[in-house]
Structure formats: structure tokens, C-alpha cells
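# Coordinate analysis (summary)
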Amino acid sequence: MGSTAGPTGHIRRLVTGAIALLAAASLVTACGAGDGGPDGRGGGSADVRGVDDGATLTMWTRAATRPQSEVLVKAYNASHKNTIELTVVPTDDYQAKVGAAAGSRDLPDLFASDVVFVPNYTSSGLFADLTERVDALPFAERLAPSHIKAGTYEGRKYVVPHTLDLSVLFYNKDLYRRAKLAPAKPPTSLREWDQHARAVDALGGGVDGTFFGGNCGGCGVFTWWPSVWAAGEEVLNKEGTEAQLSSGTAKQVYETYRGWVEDDIVAPGARDETGATWTGVFPKGKVGVMPMPSTTLGLMPKDLDLGVAPIPGPDGGTSTFVGGDAIGISATSGSADQAWNFLAWSLGDKAQVDVVAANKDVVARTDLASNKYSRADPRLVTINQLVAHGRTPYALKFGQTFNDPNGPWLTLMRDAVFGDGASVEKDNEAVTASLAD
């Protein structure tokens, strides 16, 4: 990996309980990552298109992004000499499988990753350096900036966007009409969101104002943090080693959610919701307004009249958590030029519009936010336009701190919303301790 990764000095553990990449990273880095090309970094030459010569390539993705990955691979295989053999791995098993494969020098040619875990892989030397290749793309500056940033390590680029999932507000226009709210005017601040949720909740008859995953750390970072970012504030320091989750703005967010709990504005089950059924509540048509993953838009009942809006801050502003998967070429691939052919194609106009946008998925390029498919549904344009302004947090200890059900972030969440909020400062210190561990 040249000077970008070092032999073992940048190795990090992925998450508590997952396979440590100590041996894996050292083996990958020592195995001669330059197998993929003459630059000695595994990335091969900077040809913008790569090579399409009939090679068979292996690719892994996690089950959470299976539909998007499958539609891209199918379209590529139908139009190229190269063939990609896609393996879909259960999401909960994915990190362990990557770690084991790295240790045995048996990584696939291409592998995707939940974007929040990309820093673990880049710092461990598992991806080939794609800097020259990415920079040579004519639309390089238009690629989803938060994904590119998450995949940049020590000034070098290792991944490109693969699938994008954004956090946005969904609101039920029929319930808005019944509550005498304007269906064309979603909340533009957390205060308005609170007012709208309470107005809808007052309808009664099994209707509730809002809903959230109260026992799901991942749901919290995905939908609560944008309200802090929308106010122009940070939740973590730049290095991802210190939490800033006890700020005045963060406390305003917690207080709003706590008010919903105390006044029974939330649909039943929020306290125990682990995320498994979190997105199944709104489609039933009995919740007024709640934050949801953008990828659920295409799964909503056809007869549900819903609107989509950015997540606002306490007094205004907008932001989104840009999740989904980024993808790169493994450092040990012997077919980097061919693997890049797929990546470059997947980001091109035809794939992004006629495959990704046609599938009602979020495009990976900011210049294609409005296209022939999204223009048919203004909600898709709203979602696509948020990509340029969204955030993806950076932290090497993200999993153990924020996704682990035994991690300190979930404790902070629950204390702040289901308790009295008095322990937020102390809980924030525990989050910092986990990040710096």
C-alpha cells in the first residue's frame, strides 16, 4: 500500500465482538498489494474506464443493500464482457467475514461496506488506492461528498459511493388535512415538527403524532444527529475521538423527543423498538410525521398520500445522515483494472439514471439529482438534492460506540428521552471514552 497505509501501524479493531483485523491487515499489506497495477498501491493505472476483457470478478455486499447491488450487477453483466459474481452476506455477519477473508488473503475483487465502517477498512489497508482513477472521472467533483470523505485516508481515496440511504421526514398528508395542517407545508424546524405531531395526535382514534426507535442506537444517529447538524453544530470532533452530544442544541433535540414520550405523542412501542420493525409503523397510515430512511419510499403503499422533507434543526436549517454503502477494490485483487471498469460504469450517467434512478434509488452524483425519473416524483428530487448537503460521521470506533446495543450512545439516548435527561453530560463522557478507547 505504499506510504498510505503502513504495515500494521494504522490497524484498528472494527467493533466490539467482531474479528480484530490485526493479523488481517498486516497480511494484506505485506502480501504485495501492487498486484493490481504498476503504481505499487494496488490501484493500477488511472485509465478512466478500466478494462473490459471478459474477466470474472468477485464482489461482496451486505444483505441490507442487496436490491440496489443486484440491479447494478445485473445491468453490468448484461452489457459488458466482464462478469461479476455477486455474493450477498447477512448484514450481521459481514464484518466478521471481511476480517476472516483479509486474514487468509482471500478478499473478493470488490467489496462494499456500510459507509460508517469504511474508515476501519481504509486505515487497515484492505482497499486499493483509487485516487488517480477517481480524480480522472469527468464528474469526480460531483460524487456524493460525504462518501468520498469517509473513504479518504491520509489524503488518498479508497472508495466510491455504491448505494445511498438518507434520513428524511415522511409526513402523512391525509392526516395533515384532517388536523387542519397544510399538506404542502412540512415542518421547517423542530419546533414546527413538534407542533405538527401534536396537532395530528390530537385527532385520536388510534392516530399518533410521531414515532422513533427508542431502543436502537443506529436509528438515533441516523435521525437525531441531522437536527444538530442543521443548526450548524457538530456531534463529534474531526478525528471522531470526542463526542459533542451534550451541547445546548443536542439537549433541545432530546427535550423535544422526551416531551413526545411524556405527553404520549409517540405511537406505542417506541421505548422497546430495536429497529427491527421501526420502518413498519408509518406505512400503516396512523402516524403523522416521523424520520425515515429514504430507501423506504418505494416500499410505501400506493394509496398512502405522503410527503418528504429534510430533517430540520430546532430553529430551522436542514441536514441528513448520508448512509448506505461505499465500495472499493480490495488491496489483494489481481484484476484492479477490470474491477475499476465496473466502478466507473456504475457511476456513469447511464447507470446512475437508467439503473439507479429508474429503480427509485438515490443517485450517487449531485449533478444528476434531477433526472427523467426523479422529475416524475418531486419527492425523489428532494431526497437526491440532500446528498450534496448531508453528512457521514467519521469515527474508527463507530460500531462499538453507536451501533452496539450495549454501547454508551444508546444509554445516553434512553436516559435523555425516557429518563429526566440529567445524566447527558456524564453519558457524553462515556461516549468519548469509547471513541478514544
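A brief report on the enclosed structure follows. Note that the structure is a prediction, hence the values are computed from the model and not measured.

Parameters and conventions
- Every chain's residues receive numbers from 1 upward, in the order its sequence appears when written.
- Note on the predicted model: pLDDT of at least 70 is required for a residue's local features to be given, and 80 or more for side-chain atom pairs to be given and counted; whole-chain, interface and lining totals, by contrast, use all residues.
- Derived side-chain values reflect all non-hydrogen atoms in the structure, with water molecules and hydrogen atoms excluded from consideration.
- Under the DSSP-based scheme used, a helix requires at least four consecutive residues in state H or I and a strand at least two consecutive residues in state E, with every element numbered from the N terminus.
- Throughout, a residue-residue contact means that at least one pair of heavy atoms, one from each residue, lies within 4.5 Å.
- Values of accessible area rely on a 1.4 Å probe in the Shrake-Rupley scheme; residue burial ignores everything except the protein chains shown.
- Throughout, the protein atoms alone are placed on a 1 Å grid, and a set of points is a cavity if a 1.4 Å probe fits but cannot get out or a pocket if it is open with protein on both sides within 12 Å along at least five of seven lines; lining residues have an atom within 4 Å of a point.
- Grid points are joined across faces, edges and corners, and a volume is the space filled by probe spheres set on the points.
- Only Asp, Glu, Lys and Arg are considered charged, only Ala, Val, Leu, Ile, Met, Phe, Trp, Tyr, Cys and Pro nonpolar, and every remaining residue, Gly among them, polar.
- The buried label applies to any residue whose accessible area, calculated with a 1.4 Å probe on protein chains only, is under 20% of its type's maximum; exposed applies above 50%, and partly exposed to all values in between.
- When DSSP finds two or more bridges between two strands, those strands count as paired.
- With axes taken as lines fitted to C-alpha atoms, and helix axes fitted only over the stretch in contact, angles between N-to-C directions fall between 0 and 180 degrees.
- Any pair of Phe, Tyr and Trp rings, taking the six-membered ring for Trp, is counted once the centres come within 6.5 Å. Such a pair is stacked with planes under 30 degrees apart, edge-to-face with planes over 60 apart, and tilted for the rest.
- When the NZ atom of lysine or the CZ atom of arginine is within 6 Å of a ring's centre and also within 35 degrees of its normal, the charge is said to sit over that ring.
- We call a pair of cysteine sulfur atoms a disulfide when they lie within 2.5 Å.
- By convention in these notes, a salt bridge is any Lys or Arg side-chain nitrogen within 4 Å of a carboxyl oxygen on Asp or Glu.

On to the overall build of the protein chain, then. Of regular secondary structure, the protein chain possesses 16 helices and 11 strands. Intrachain contacts of the protein chain at a sequence separation of at least 6 include 76% that bridge at least 24 residues. Carbon and sulfur atoms provide 48% of the accessible area of the protein chain, an area that totals close to 16500 Å².

Now for the layout of surface pockets. In this structure, the second largest pocket encloses a volume near 500 Å³. If you trace the second largest pocket, you find 19 residues lining it, with Lys149, Lys238, Thr392, Pro393 and Tyr394 closest to the centre. Elements with a minimum of two residues in the lining of the second largest pocket: helix 6 (145–150) and strand 4 (152–153). Looking at the lining of the second largest pocket element by element, the count peaks at three residues for helix 6. Class assignment for the residues of the lining of the second largest pocket results in eight nonpolar, five polar and six charged.

Of all the five residues making up strand 3 (residues 110–114), five are buried; the element is thus mostly covered by neighbouring parts of the structure. Side chains Leu110, Ala112 and Asp114 project from strand 3 onto one buried face, and the interleaved Phe111 and Ser113 project onto a second face that is buried too. Two strands pair when backbone bridges link them, and strand 1 (residues 56–62) and strand 3 are joined in this way by two bridges, in the parallel orientation. Bridging from a neighbouring strand, Met59 pairs with Leu110 of strand 3. Pairing of strand 3 with strand 11 (residues 322–329) involves five bridges; the strand directions are antiparallel. Looking at strand 11, one finds that Leu110 is bridged to Ile329.

The next subject is the packing of helix 11 (residues 336–347) against helix 12 (residues 349–356). Remark: helix 11 packs on helix 12, axes separated minimally by 4 Å, with the N-to-C direction vectors making an angle of 65°. Taken together, the residues of helix 12 that come into contact with helix 11 (itself represented by Trp345, Ser346 and Leu347) are Asp349, Ala351 and Gln352. When its residues are assigned to classes, the contact of helix 11 with helix 12 shows three nonpolar, two polar and one charged.

What follows deals with the packing of aromatic side chains. Summed over all chains, the structure comprises 25 aromatic pairs. With a centroid separation of 6.2 Å and 75° between ring planes, the pair formed by Trp224 and Trp409 is classed as edge-to-face. Placement of the pair is Trp224 in helix 9 (residues 217–230) and Trp409 in helix 15 (residues 408–418), with a sequence separation of 185 residues. One exposure class covers both Trp224 and Trp409, and it is buried. Above the face of the Phe139 ring, Arg365 is positioned so that its terminal group lies 4.0 Å from the ring centre.

One pass over the full model with this rule turns up one disulfide. Here Cys216 pairs with Cys219 through a disulfide, and the sulfurs are 2.2 Å apart. Here Cys216 and Cys219 share a disulfide; its torsion about the S-S bond, 80°, makes the bridge right-handed. Both residues of the pair, Cys216 and Cys219, count as buried.

This brings us to the pattern of salt bridges. Summed over all chains, the structure comprises 19 salt bridges. Here Arg62 ties to Asp325 by a salt bridge, and the two come within 2.7 Å at their closest N and O atoms. Taken together, the residues span a long stretch of sequence, with Arg62 in strand 1 and Asp325 in strand 11 at a distance of 263 residues. You'll find Arg62 and Asp325 in the same group, each marked buried. We note a salt bridge from Arg177 to Asp305, for which the minimum N-O separation is 3.0 Å. Here the residue Arg177 occupies a position in helix 7 (residues 173–178), and Asp305 occupies one in the loop between strand 7 (289–293) and strand 8 (306–309), the gap between them amounting to 128 residues. We classify Arg177 as partly exposed; its relative accessible area is 40%. A cluster of three or more residues bridged by salt bridges with shared partners is formed by Arg62, Asp114 and Asp325.

Inspection of every chain in the model, using the stated rule, returns two cavities of 30 Å³ or more. In this structure, the largest cavity spans a volume of roughly 100 Å³. As for the largest cavity, its lining consists of Gln68, Val71, Leu72, His162, Thr163, Leu164, Gln352, Val356, Asp361, Val362 and Ala364. Those elements giving two or more residues to the lining of the largest cavity turn out to be helix 2 (66–79), strand 6 (160–172) and helix 12. When the residues that make up the lining of the largest cavity are grouped by side-chain class, the tally is six nonpolar, four polar and one charged. Estimates place the volume of the second largest cavity at around 30 Å³. What lines the second largest cavity is Ala357, Lys360, Asp361, Asn371, Tyr373, Ser374, Leu380 and Asn384. Partitioning the lining of the second largest cavity into residue classes produces three nonpolar, three polar and two charged.

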